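So you can see what is in the structure, the chains are spelled out below.
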Amino acid sequence: MAEGGERSFARRDRLLSIESQAQKLWSENGVFEAESRDSTPKFGEKFFGNFPFPYMNGYLHLGHAFSLSKLEFAAAYHRLRGANVLLPFGFHCTGMPIKASADRLTREIEKDNNPPVEGGNGELKGKVEDQSGDQTQPPGNYKSKKSKAVAKSGGVMSQWEIMQSYGLSDEEIAKFTNPYHWLTFFPPLALEDLKAFGLGCDWRRTFITTDMNPYFDSFVRWQMRKLKEMGKIVKDLRYTIYSPVDGQPCADHDRASGEGVIPQEYTLIKMEVISPFPPKLSSLNGKKVYLAAATLRPETMYGQTNCWVLPSGEYGAFEINDTDVFIVTKRAARNLAYQNLSLRPYKEPQPLIELTGQDLIGLPLKSPLAFNDIIYTLPMMSVLTDKGTGIVTSVPSDSPDDYMALHDLKAKAPLRAKYGVKDEWVLPFEIIPIIHHPEFGDRSAERICIEKKIASQNDREKLDDAKKIIYKGGFYEGTMLVGEFTGMKVQEAKSLIRNQLLDSGLAVVYSEPEKKVVSRSRDECVVALTDQWYITYGETEWKKAAEECLASMNVYSEESRHGFEHTLSWLNQWACSRNFGLGTRIPWDEDFLVESLSDSTIYMAYYTVAHILQKGDMYGGDRSNIKPDQLTDEVWDFLFVGGPYPKSSEIPSSVLNKMKQEFEYWYPFDLRVSGKDLIQNHLTFCIYNHTAIFPKHHWPQGFRCNGLIMVNSEKMSKSKGNFKTLRQAIEEFSADATRFALADAGDGMDDANFVFDTANAAILRLTKELTWMEEVISVESSLRKSSPSTYADRVFANEMNIAVQVTEKNYSEYMFREALKSGFYDLQAARDEYRLSCGSGGMKRDLLWRFMDVQTRLIAPICPHYAEHVWKELLKKDGYAVKAGWPEAGNPDFTLKKANTYLQDTIVSMRKLMQKQMTGSKKGKSSTPNAQNKPTVGLIFVNEQFDGWKKECLRILHMKYDASTGTFASDAEILSELQKSKIEQSTNFKQIQKLCMPFLRFKKDEVKTVGVQVLDLRLPFGEIQVLTENVELIARQLGLDRVEVLSAADANAVSRAGDHASVLNSNPPSPGNPTAIFF
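Residues numbered from 1 in each chain as written. Predicted model: local features only at pLDDT ≥ 70, side-chain atom pairs only at ≥ 80, totals over all residues. Heavy atoms only, no water.

1. Some points on the pairing of strand β13 (residues 375-379)
The buried count for β13 comes to 5 of 5 residues, which makes it a mostly enclosed element. Where strand β8 (residues 306-309) lies against β13, 4 bridges are found, and the strand directions are parallel. What sits directly across from V309, in β13, is P379. The sheet contact formed by strand β12 (residues 364-366) and β13 spans 2 bridges and is antiparallel. Residue L365 lies in a different strand from β13, and its bridge partner there is I375. (Buried < 20%, exposed > 50% of the residue type's maximum accessible area, 1.4 Å probe, protein only. Helix = DSSP H or I, 4+ residues; strand = E, 2+ residues; numbered from the N terminus. Pairing = 2+ DSSP bridges.)

What follows is the structure, given as structure tokens:
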């Protein structure tokens, strides 16, 4: 198999050899090259699918392969059916990760020499840990060349070590200080891996991004100018996640962690420290000093009784301007500095003095809106210093946390003494009702704490639950009891009170990342107020168009649709410019680059003409007769948005018209496949940009999103040893076995699971199947040819018809795991059953050849190399398996399938019964079969129709069943009908009624699981006929000399039971449940 000690790799190597031959065949004959046609394609005649191009700072891995496989299988299915299929693939190099890695490598070399020396002054110290982004391990089984110092220390893996782990020499690593070297190194390797994977791609259309490719660079410039002309790009001052190290906004794809995190806006309450200041703050005399508390509930400030700090927390006094000083955590001060709330904006803040929370306890404060003229700073153990400012206002009337913390300080003198809290700072302060809660009244926090029996501020679980209840009810349904807005709903008053605080200078706006964000340069990001170019996502009319587009699309799951709808509900202006990294320059402001998610929204259109412009050179070299500077806006408008013919263009009209035909033929694209994590940015941006630039008939048709991939039921991780690059997976398992395991890993939005054992099992299954087919072909002359069709023949032919129909449905719905089951597993099970069922007559040649043909076609989208080998080398067919056409099949006979299921179930139940008879059923007896007790004759008694009271019960259930709702009438109504029936006239009605009720319940439950047909008096096939036709099979399977099928309605037949007649009485046969007796 593919891994382990002394195992043979012969089977895996055979598949690899087959794959190499198939790939050569496809490449030499341009099998996957797609050309437009003169006429507009009708529905189903063409398929254009695409995939978000991967970022090229490392090798492709199984995560890429999993999402890509969904597109590959879908495209292969449409190609097999005869559609004209376009599957292109590009490589994304825009953004900061490559530049950041190159710069980091440069710094390491400058500090630690070339190559870096262990123990130098730079960064070559660190533990090996999972690397962020896509910097993945190399092909083959390379081992990291980390030093002992690295392995033992607690730092982070250096960039040099990452490059070493790729198996690169020191000389080669040094070249990666040039960011453009990454673009010449990784994309060609990715292309090799994808070809080895068997991707059915038109490689003439591949390209890289950035200004290294002048053709794509021109396309992006046109797109940006187009959006600006429409008013979709503006310059504005906005809060955005920002990397101080990189000196620019940090969008999702620029992050090592924290993707999807957005700024959280607070109101920063300025709580003035009343002089005279204590000695610790004496250096601040002459300045206005504030404890700055971040709150989401400014409307509650009327009820402040104190301020909270964390006694052990680290704080600082930071200059905000010439006169004001804020006491906050350094983390908060860092955010403030990038929001122009610092004497030295956009620089790392330095505190005038460093403080602990203990230093702040007892400070008297004058706080905005508070009814208490003076409140004091007190200790609270649950204050967070990694969220907000580490300073918290206390409103015990409406905050369960505040209520319990204040209650603890009042009730526990030792707690006050521990932190040096004087009684007068705490004891005089009482709850001030400020909001009426519809359920918990005017003192909601106190009431819910009493009702939930919360003992102290340490009762976290109960407090968190109480907080959710009070905050939700208070905000959405609460009413103000105090202040200028008394009587107003809280949710209406909140913004009015906040604006008053801001306008009067008693508060400022403060923002921070809602969760921690780390950039690719590995610094913790802040929220900055930046003057940037923004795309105006969320603008009312544009949002309506995006919603209209989404409504018309197939997104294949409700969960996916809800994800898009949620994103459209919150998505707002998006910073589209950067001043660091690689990419395309903003055409009208070339100091900036187009951000990496903003050059990736409509490039699917570029695929349609890339092969004409770039002539198969992914870098857009000088192969083309068209020059990049000839691609004016007028040319792009003509090609993509119905603009007039560009008369001044030097590009020949035949070429222009050909490119326009390509776009008009292939657009709109039919399917884009992606991980669900891109719903919140890239995929929604794609919708927005298409609705802005293209007419409706060119809007996207479908997005299919999938979950992430686990490997062996764990998150893929280098540290866990389950990380695999695509190249490693192919080398270890082969491409087809890898594809097989990817198909089996799962569909839908839940995370899938790639299992190594499944890939290894696929190697065995595929190669064993090849061997079986070779053996069958070698004995063709001995197979049955023209004999009459047997029952087994009919069943096998029917199973193939069913497999063709069910598998087509599964493929068309992009449920590839189910397609693998119905088109491979189930089909092989039917073949194996056919082999067992044929007996001495043998298998029919034509059916076996049809089976090999059908199975080859059905598995071709998932295992195309295997299928191509069978098609060409074994079946000796013309053309290509991947374009063979969907197999023809007759209408499935589901009655025959039910009959066969009945037959197989009967054999299983008879085997169990015979085993029981042979071993005996008395307790304490041996369970070993006794050869002397082995029967030789089996009598099968059949009752093909319900009669008597069962017949009457079924009649009533039929009558009381509503097919439109799939429900029965009430039990009382059914019982009433039973009492009116013929059964009621029986002398032993009560005894029969006891039998009826369990039977009625059983049949009602059976309807739910099987269907209403279980209420029929007979099965849809003749049981006696089925069993009689297969007595030879039954006898052979059970090891009997003779089997007879008898009717339980025939008194003479029943007499054949002899001494075993009691079995028929205790277990009478009924439709679907024959009774067997053995002699």
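2. Details of the confidence of the model for the protein chain
Per-chain confidence: the protein chain averages 90 in pLDDT, with 94% of residues scoring 70 or above. Per-residue pLDDT stays below 50 along residues 1-5; that stretch engages in 15 contacts with residues further than four places along the chain or on separate chains. Overall, residues 119-155 carries pLDDT values under 50, and its contacts beyond four positions in sequence, including any with other chains, amount to 103 contacts. (pLDDT = per-residue confidence, 0-100. Contact = heavy atoms within 4.5 Å.)

3. Description of helix α23 (residues 735-744)
Taking burial as the measure, the 10 residues of α23 include 10 buried ones, the bulk of the element. Those residues of α23 that fall on the buried side of the exposure criterion are A735, D736, A737, T738, R739, F740, A741, L742, A743 and D744. The opening residue of α23 is S734, an N-cap whose side-chain oxygen sits 3.2 Å from the backbone nitrogen of A737. G746 lies just past α23 and shows a positive phi near 135 degrees. (Polar contact = N/O pair within 3.5 Å; in protein donor to acceptor, adjacent residues only side chain to side chain.)

4. Structural notes on the sheet that holds strand β25 (residues 709-711)
Read from one edge to the other, the open sheet built from 3 strands follows the order β26-β25-β27, with strand pairing classed as mixed. In the strand order of this sheet, the two ends are held by β26 (714-715) and β27 (752-754), each with one partner. Both β25 and β26 contribute to a ladder of 2 bridges, which runs antiparallel. Among the inter-strand pairings, V711 is bridged to a residue of β26, identified as E714.

5. Some details on the sheet that holds strand β20 (residues 574-575)
The antiparallel open sheet is built from 4 strands, whose spatial order is β4-β3-β19-β20. For this open sheet the edge positions go to β4 (248-249) and β20, each flanked by a neighbour on one side alone. By the bridge criterion, 10 bridges tie strand β3 (residues 233-243) to strand β19 (residues 526-535) in an arrangement that is antiparallel. Bridge pairing in β19 places T240 opposite A528.

6. Overview of the packing of aromatic side chains
The tally for this structure, following the rule as stated, stands at 75 aromatic pairs. Judged by centre distance (6.0 Å) and plane angle (85 degrees), the ring pair of Y667 and F669 falls under edge-to-face. A centroid spacing of 5.3 Å and a plane angle of 55 degrees characterise the contact between Y902 and F1021, whose relative ring orientation is tilted. Here Y902, found in helix α29 (residues 894-919), pairs with F1021, found in the loop between α32 (989-1009) and α33 (1023-1029); they are 119 residues apart in sequence, far enough to count as distant. The two residues Y902 and F1021 agree in class, both being buried. Here the basic side chain of K228 rests over the ring of W588, its NZ or CZ set 5.3 Å away from the ring centre. Sitting above the plane of the W871 ring, K877 keeps its charged end 5.2 Å from the centroid. (Phe/Tyr/Trp six-rings, centres within 6.5 Å; stacked < 30°, edge-to-face > 60°. Lys NZ or Arg CZ within 6 Å of the ring centre and 35° of its normal.)

7. What to know about the pattern of salt bridges
Applying the stated criterion to the full structure yields 68 salt bridges. Between K46 and D670 there is a salt bridge, and its shortest N-O distance comes to 2.9 Å. Here the residue K46 occupies a position in strand β1 (residues 46-50), and D670 occupies one in the loop between α20 (653-666) and β23 (671-675), the gap between them amounting to 624 residues. Across the pair E662 and K658 runs a salt bridge whose closest N-O atoms are separated by 3.4 Å. Residue E662 and its partner K658 are both found in helix α20; the two are separated by 4 residues, about one turn of the helix. The exposure class of E662 is buried, given its relative accessible area of 0%. By sharing partners, the salt bridges in this structure join E33, E35, D202, R204, R205, K658 and E662 into a single network. (Salt bridge = Lys/Arg side-chain N within 4 Å of Asp/Glu carboxyl O.)

8. A word on the environment of A860
Within the element layout of this structure, A860 appears in the loop between α27 (845-859) and α28 (864-874). On the accessibility criterion, A860 (3% relative accessible area) is buried. When the C-alpha atoms of A860 and A76 are compared, they prove to be 7.7 Å apart, with 784 residues separating the residues in sequence. The contact partners of A860, leaving out residues within four places of it in the chain, are A867 and A881.

9. Considerations on the side chain of T295
Within the fold, T295 resides in strand β7 (residues 288-295). Taking relative accessible area as the criterion, T295 reaches 9% and is therefore assigned buried. In terms of polar contacts, T295 uses its side chain to reach the backbone amide nitrogen of R297, at 2.9 Å. In this structure, T295 is in contact with Y266, T267, I269 and M301, ignoring residues within four places of it in sequence.

10. Details of the packing of helix α22 (residues 726-733) against α23
It is the contact of α22 with α23, at a shortest axis distance of 7 Å, that shows an interaxial angle of 110 degrees. Between α22 and α23, the angle is such that the two are roughly perpendicular. Contacts between α22 and α23 involve A729, I730 and F733 from the former and A735, A737 and T738 from the latter. Looking at the contact of α22 with α23 residue by residue, the class counts come to 5 nonpolar, 1 polar and no charged. (Axes fitted to C-alpha atoms, helices over the stretch in contact; angles between N-to-C directions. Parallel < 35°, antiparallel > 145°, perpendicular 65-115°, else oblique. Nonpolar A, V, L, I, M, F, W, Y, C, P; charged D, E, K, R; others polar.)

11. A short note on the nonpolar core
Core analysis: the largest hydrophobic core is formed by 116 residues, its most contacted members being F89, F91, L194, F754 and L848. Among the elements that take part in this core, helix α2 (residues 62-80) stands out by supplying 10 residues, more than any other. Discounting chain neighbours no more than four positions away, the residues touching L194 are L60, L68, F89, F91, L199, W203 and L726. Counting 72 residues, the second-largest nonpolar core is a separate cluster that includes F48, F216, Y606 and F669. (Core = buried A, V, L, I, M, F, W, Y, C linked by side-chain atoms within 4.5 Å.)

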